[in-house]
Amino acid sequence: MTTIRLAALAGTLLLGACAALSRPLPEAQPPLADMEEPLALMEEPQDEEARLALPVGGFTGVYVKTGAETLDELAEGADGVLVERVVENSPGAIAGLAEGDLLLEARGPRDAGPVELAFPSRWREVELASREGDEIAVLYDRAGAERETTVRVVRRLAPPDREAGERFREEKKVGIVVRTATEVEARGAGLGPGGGAVVVGLSKASPWRAAGLRFGDVIVEAAGRRVEHPQVVLDVIRARDSDDRVDLRVRRGEEDLAVDAPLSRRQSEAQEVSVPPLFGWESKGERSSWSFLLGFLGYEETAAAWRGKFLWFITFGGGDVDALEEVESSEVDTLAPAPADEGAAEARP
């Protein structure tokens, strides 16, 4: 009989240990609890009137997008920009460009050398710098074969449609949210439309916040790389260790600022202790729990409620309800009139 009991106890211990080890570990880091994203920055600035007043540059009739189809591909740095559309009878169509071509390089008459096209903002920058009659030499890829052509620019009669903004999050080493800059913001920072990264979210503990970065700043350069898309900022962060620093060039209003921005890392703490079947403890975020002697005693607590267990079948608990406590009227300070200005009172007839 004793042998059976020992075997049962060993089996219980083994099952408890296996159960503890079988739970999958989280694969994604939890969102930062202290991330601040001001409501005023949830939408793009209302600067359409200013955008329509900007010089429109030359017209090629070639509309492009990033060559990456997914965020992962974008992070890997896909080469070239993909031709999304070519206007019929436009300079681009006459030059032989077609939807699906991958533009690799472009060179205008005033460029010192070929311009590598990693993001659409660079192609738009070349277009904006061109004038009627200019020729842009283009190196492109079609079905795996590289080709060359020349696009003869004509005068643009109207600005292109406004591009919708995108938001990107980094919560491992910096704690920042950035969005694509509007055309007004990008061109004000010396970048092509779609370039730049506007700071719209910062963790309270962000090292970049401590270094002086503020909401609304436009990151123009990161580690010597022009920010032709917010992904450039994320790439620079991911390529560095947590104890490195990143040199940033930032546009704030009419000012150009240099920021020496350090990186950080996630805090780590013990979240679980288990000695099956004697004791178990777990803490994740705002939830914590413990149990004793195979659940003979147990307790669980969150930010809104708590629950205790005794003898496996007796449960008791409590927590917040859907109303605030009433405050006694004697504890409420009534709003008193502001004291009058004595000088002003004397001056009145």
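This text follows the structure it describes.
A quick note: this is a predicted structure, and the numbers were derived from the prediction, not measured.

Calculation rules
Residues numbered from 1 in each chain as written. Predicted model: local features only at pLDDT ≥ 70, side-chain atom pairs only at ≥ 80, totals over all residues. Heavy atoms only, no water. Helix = DSSP H or I, 4+ residues; strand = E, 2+ residues; numbered from the N terminus. Buried < 20%, exposed > 50% of the residue type's maximum accessible area, 1.4 Å probe, protein only. Contact = heavy atoms within 4.5 Å. Areas by Shrake-Rupley, 256 points an atom, 1.4 Å probe, with all protein chains shown as cover. Polar contact = N/O pair within 3.5 Å; in protein donor to acceptor, adjacent residues only side chain to side chain. Phe/Tyr/Trp six-rings, centres within 6.5 Å; stacked < 30°, edge-to-face > 60°. Lys NZ or Arg CZ within 6 Å of the ring centre and 35° of its normal. Patch = residues over 30% accessible without salt bridge, like charges linked within 9 Å, V, L, I, M, F, W, Y side chains within 5 Å. Salt bridge = Lys/Arg side-chain N within 4 Å of Asp/Glu carboxyl O. Core = buried A, V, L, I, M, F, W, Y, C linked by side-chain atoms within 4.5 Å. 1 Å grid on protein atoms, 1.4 Å probe; cavity = no way out; pocket = protein on both sides within 12 Å on 5 of 7 lines; lining within 4 Å. Points joined across faces, edges and corners; volume = space filled by probe spheres on them. Nonpolar A, V, L, I, M, F, W, Y, C, P; charged D, E, K, R; others polar.

Draft legend 1. Layout of the overall build of the chain. For the chain, the helix and strand inventory stands at 9 helices and 22 strands. In the chain, buried positions account for 33% of the 349 residues. A separation threshold of at least 6 residues defines the contact pool for the chain, and within that pool the share at least 24 residues apart is 51%. Carbon and sulfur atoms make up 54% of the accessible area of the chain, which totals about 22,000 Å².

Draft legend 2. Up close: the side chain of S203. Mapped onto the secondary structure, S203 falls in strand β12 (residues 197–203). Since its relative accessible area comes to 4%, S203 is described here as buried. At 3.1 Å, the side chain of S203 forms a polar contact with the backbone nitrogen of A205. When near neighbours in sequence (up to four residues on either side) are disregarded, S203 contacts L32, D34, M35, G175 and R209.

Draft legend 3. Spotlight on helix α5 (residues 120–129). For α5, a buried count of 8 out of 10 residues is recorded, marking the element as mostly surrounded by other parts of the structure. Taken residue by residue, α5 has P120, S121, R122, W123, R124, V126, E127 and L128 as its buried positions.

Draft legend 4. Highlighting unusual backbone geometry. Phi is positive for N89, which is not a glycine, with a value near 65 degrees. Along the polypeptide, N89 turns up in the loop between β4 (81–86) and α4 (91–94). Although it is not a glycine, A143 sits at a positive phi angle of roughly 55 degrees. Along the chain, A143 falls in the loop between β7 (135–142) and β8 (145–152).

Draft legend 5. Broad picture of the packing of aromatic side chains. Taken as a whole and assessed by the stated rule, the structure comprises 0 aromatic pairs. Above the plane of the ring of Y63 lies R85, whose end atom (NZ or CZ) is 4.2 Å from the centre.

Draft legend 6. Local environment of a nonpolar patch on the surface. A cluster of nonpolar side chains, namely L278, F279, W290, F292 and L293, defines an oily patch on the protein surface of about 440 Å² accessible area. Mapped onto the elements, F279 comes out in strand β18 (residues 279–284). Looking at F279, the relative accessible area reads 35%, which means it is partly exposed.

Draft legend 7. Geometry of helix α8 (residues 230–238). Where burial is concerned, most of α8 is hidden: 8 out of the 9 residues are buried. For α8, the full list of buried residues reads P230, Q231, V232, V233, L234, D235, V236 and I237.

Draft legend 8. Representation of the environment of V236 within the structure. Inspection of the secondary structure puts V236 in helix α8. The class for V236 is buried, based on a relative accessible area of 3%. Spatially, the C-alpha atom of V236 lies 6.9 Å from that of A222, the residues being 14 residues apart in sequence. Every residue in contact with V236, bar those within four places of it in the chain, is listed here: A222, A223, R225 and V246.

Draft legend 9. Quick peek at the nonpolar core. I176, W208, L213, I219, V227, V233 and L248 are the most contacted members of the largest nonpolar core, which totals 24 residues. For this core, the secondary structure elements donating two or more residues are β11 (176–180), β12, β13 (218–222), α8, β15 (245–252) and β16 (255–262). In terms of residue count, α8 provides more of this core than any other element does, 5 residues in total. Filtering out sequence-adjacent residues up to four positions away, W208 remains in contact with V174, I176, L213, I219, V233, I237, V246, L248, A261, P262 and L263.

Draft legend 10. A look at empty space enclosed by the protein. If you walk through the whole model with that rule in mind, you get 1 cavity of 30 Å³ or more. Computed from the structure, the largest cavity encloses a volume of approximately 40 Å³. Forming the boundary of the largest cavity are R51, L54, P55, V56, R124, L128, P159, P160, E183 and R187. Contributing elements (two or more residues each) for the lining of the largest cavity: α5 and α6 (183–188). Residues belonging to the lining of the largest cavity are distributed by class as follows: 6 nonpolar, no polar and 4 charged.

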